[in-house]
Amino acid sequence: MADARLIIASNRLPFTVVEDEGKLELKASAGGLVTGLSAYLDSLQHSAFTELVEYVWLGWPGASIKDEHKDYIREIAASNFNAHPVFVREEAMEAFYHGFCNKTIWPLFHYFPSYVVYEKESWESYKVVNEYFCDAIMEVLRPNDILWIHDYHLMLLPSMIRRKMPGASIGFFLHIPFPSYELFRLLHKKWASGILEGLLGADLIGFHTHDYTQYFLRSVLRILGIEASMGKMFVGDRLVKADTFPMGIDFFRFHNAVSSKETETERKKLEDTLSGLKTIISVDRLDYSKGLLNRLEGFELFLKENPQWHEKMVLLLVVVPSRIGVDRYQAIKTKIDEMVGSINGRFGTINWMPIIYKYGHVPFHQLVALYSMSDVALITPLRDGMNLVSKEYVASRKDMPGVLILSEFAGASKELGEAILINPNDREEIASAIREALEMPLKEQKKRIGVMQNRLKNYDVVKWATSFIDELEGIKSEQKRFQTRMLNANAKKELLDTFERAKRRILLLDYDGTLVPFVGDPAKAAPPAELLKLLQELSEIDGVDIVIISGRERAVLQSWLEDLDAGFVAEHGVWIKEKGKDWELLRPVSADWKRELLPLLMQYADKVPGSFVEEKEYSLSWHYRKADPEHAADVARELTDILLRFTANTNVQVMQGSKVIEIRNAGIDKGKAALYFLSKADYDFVLAIGDDRTDEDFFRSLPPSAWTIRVGMVPSSARSNVMSYKDVRKLLKEINNCARSEG
């Protein structure tokens, strides 16, 4: 990874361009993403365990920049921040950020479907701004760089970069929740597909929680039809992984700041004001997803039910401005103001107000002071990707007890199980949690805080970022291993040279998925004229024998390929047919067992819409390619278990194929059929191609010198892999051309 750099792409840069008295200045930005990534980038400068030292951060500079100022901004951004600004027209950015990002994606992904606005123009702006970012990235991206794209603003960007630089190392991390499939499917189909395809342009896609990862994989399956195993899936010829990486914080930045002079000064001011009162801290951005109104309702109920706590505690409510100018947010602000006034008016006295309310930004040391002096943190989002405030509070309780009340719908709840977890929609539960927190014994508080602090220390923001980058590099290595299995140009040349030198050659070819694509209705998989012509030409080459080895019944193979001068194997090896001869059983078998199992399969065909039973002379198949993928997969596991119990201690075997369960006589497989044909001549070139688990039988049975090829990017006993039936046809054409030129 020589000369590799880390290229970070996010909607905003770690600074904002502001104009002050006609001069442009770069003002440092705040926020969890900027703070967290900055801590990781700083760590790279002092680490002996990574080659990643140099980085470039791309993003929007926070304002529309006139052409005459762009070079100046580029220069100062590069020298002061290692940044590369992405210049976007203000009207485009407005439609992008306040349109699709925050009127469509934000409410939908945070489970507020009634707030979602579906506007085609916003979607178009979203695409346009992602293209701006793509163009800007391509100006700086080098082949050895690692590109790490962040958050919901740029979900189309990975595939855009992939198209321009296919071999790029691309990671994507989503900092907000990924919704369940039932919510995600509310998007227009074209938009939903576009977002998923955009994300799958990355090599690694990261989420805060296991749930979000699974919701993403389910949407990929249901909308794009791409299946995953252990989070890994093949998108074309490329391995992609979705995994969970809960974002941490810069633990010691908060932990050590508690003892700083600046924090102590701020804390003393607060303690002088709040002397003798238990304090509950609530810090959040102004956003409907944060559950601020629910929080106040729960606090109001607590005051009503617990008069003994009046004048003994106070709620410090800090609301940080967010998305100023958006009507919905202004409406929330108005309601908060009204509720705070109502609660203080109802329960307050001349000497005590239950809520101290601040609307505005809070400097770092003042924030740490608030955390460190507060006995309880009340954090109740209705839905939150992670919620770093909860972790910051825990980190700031240096040598002190404290209680965290946390919504079970915050991603952080998966890590902070020692908190009092509540449902923010239940105001009675909030009220009860506040009382429990205020009355929790100090020993229990210290125990819980200690456990959470150790966890946050061990998995801080540097560990989070390092884990992501390490996993990305691991996926790239795994991709390379798969690529070495692919039948590349050198391997293909060696195969053709071996074919050309050989005197007696045999081609053992599976049918479905190998010569033709899978289709929903197996009866519609007849070979096209072009394929028939190719196979016929190959069969006419002197010294070349072709054998079609299929799970199909012999009548189907006969009707589709009757004019082909070739050998055939039907029902995975039950029937064989040599060239110019009649069909015969490879060995005596029975079909008596079918009478008992056919009703069971028919029952399951009725149970799963889209599935059906295929009855052959000596085997049965239950197909579910056209059925709902998740339902069918679950039922297939159930049916397989039942069939295995039914067929135990019998001469019948159950096989899982590609979207099919097959039941057939034991001791019959494609390997034995392949060996039968190999025994008929002294072949010095053997080529076997198949796409299914059943084809592994004949891969394993063939001599080491055989050329064995598995269709699809899956582990296999075969020597090589190709992507699809199209690659198989291309190879056969090259073999045909090689033989013709030889002649």
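Each remark here, short or long, concerns the structure printed above.
These numbers were taken from a predicted model, which means no experiment stands behind them.

A look at the sheet that holds strand β10 (residues 238-244)
In spatial order, the strands read β5-β4-β1-β6-β7-β8-β10-β9; together these 8 strands make up an open sheet with mixed pairing. Each edge of the open sheet carries a strand with a single partner, namely β5 (83-85) and β9 (232-235). Averaged over all pairs of adjacent strands, the angle between strand axes in this sheet comes to 20 degrees, irrespective of strand direction. Pairing analysis gives 5 bridges linking strand β1 (residues 6-12) to strand β4 (residues 55-60), with the strands arranged parallel. Across the sheet, residue Ala9 finds its bridge partner in β4, namely Leu58. Packing of helix α2 (residues 67-81) onto the sheet brings it into contact with β4 and β5, and relative to β5 it is tilted by some 155 degrees.

So, the packing of aromatic side chains
The final tally for this structure, using the stated rule, is 38 aromatic pairs. Taken together, a centroid distance of 4.8 Å and an interplanar angle of 85 degrees make the contact between Tyr115 and Tyr288 edge-to-face. Pair noted here: Tyr115 is in the loop between α3 (90-109) and α4 (120-140) and Tyr288 is in the loop between β11 (278-285) and α11 (292-305), with a separation of 173 residues, a long-range link. Of the residues examined, Tyr115 reaches a relative accessible area of 26% and is grouped as partly exposed. Here the guanidinium or amino end of Arg253 rests over the ring plane of Phe254, the centre of that ring lying 5.7 Å away. A cation over a ring is seen here: Arg505 above Phe499, with NZ or CZ 4.3 Å from the ring centre.

Re the side chain of Asp692
Note on placement: Asp692 falls in the loop between β26 (685-690) and α24 (696-701). The side chain of Asp692 sits in the buried core without any salt bridge; Arg710 is the nearest counter-charge, 5.1 Å away. Side-chain polar atoms of Asp692 contact the backbone nitrogen of Ser658, separated by 3.5 Å. Excluding its chain neighbours within four sequence positions, the residues that come into contact with Asp692 are Gly657, Ser658 and Arg710.

Re unusual backbone geometry
Phi angles above zero are rare outside glycine, and Asn82 is one such case at about 55 degrees. Examined against the element boundaries, Asn82 turns out to sit in the loop between α2 and β5. A positive phi angle, near 60 degrees, is found at Asn649, a position not held by glycine. Note that Asn649 resides in the loop between α22 (629-647) and β24 (652-657). On the basis of relative accessible area, Asn649 is assigned to the exposed category, the value being 85%.

Let's talk about the nonpolar core
In this structure, Met155, Phe178, Ile195 and Phe216 are the most contacted members of the largest nonpolar core, which totals 100 residues. The element best represented in this core is α3, accounting for 9 residues. Apart from the residues lying within four places of it in its own chain, the contact partners of Met155 are Ile105, Phe109, Tyr126, Asn130, Phe172, Leu174, Ile195, Gly198 and Leu199. One finds Ile73, Val389, Leu404 and Ala410 within the second-largest nonpolar core, a separate group that totals 69 residues.

Things to note about the pattern of salt bridges
Counted by the stated rule, this structure contains 49 salt bridges. The shortest N-O distance in the salt bridge between Glu182 and Arg185 comes to 3.2 Å. Judged by its relative accessible area of 44%, Arg185 falls in the partly exposed class. Look at the salt bridges and you will find they share partners, linking Arg162, Asp203, Arg238 and Lys476 into a network.

Regarding the side chain of Thr279
The residue Thr279 is located in strand β11 in this model. With a relative accessible area of 1%, Thr279 lands in the buried category. Ignoring sequence-local partners within four residues, the contact set of Thr279 consists of Leu274, Val314, Leu316, Met373, Ser374, Asp375 and Val376.

Rules of the game
- Residues numbered from 1 in each chain as written.
- Predicted model: local features only at pLDDT ≥ 70, side-chain atom pairs only at ≥ 80, totals over all residues.
- Heavy atoms only, no water.
- Pairing = 2+ DSSP bridges.
- Helix = DSSP H or I, 4+ residues; strand = E, 2+ residues; numbered from the N terminus.
- Axes fitted to C-alpha atoms, helices over the stretch in contact; angles between N-to-C directions.
- Contact = heavy atoms within 4.5 Å.
- Phe/Tyr/Trp six-rings, centres within 6.5 Å; stacked < 30°, edge-to-face > 60°.
- Buried < 20%, exposed > 50% of the residue type's maximum accessible area, 1.4 Å probe, protein only.
- Lys NZ or Arg CZ within 6 Å of the ring centre and 35° of its normal.
- Lys, Arg positive; Asp, Glu negative; His and termini not counted.
- Salt bridge = Lys/Arg side-chain N within 4 Å of Asp/Glu carboxyl O.
- Polar contact = N/O pair within 3.5 Å; in protein donor to acceptor, adjacent residues only side chain to side chain.
- Core = buried A, V, L, I, M, F, W, Y, C linked by side-chain atoms within 4.5 Å.

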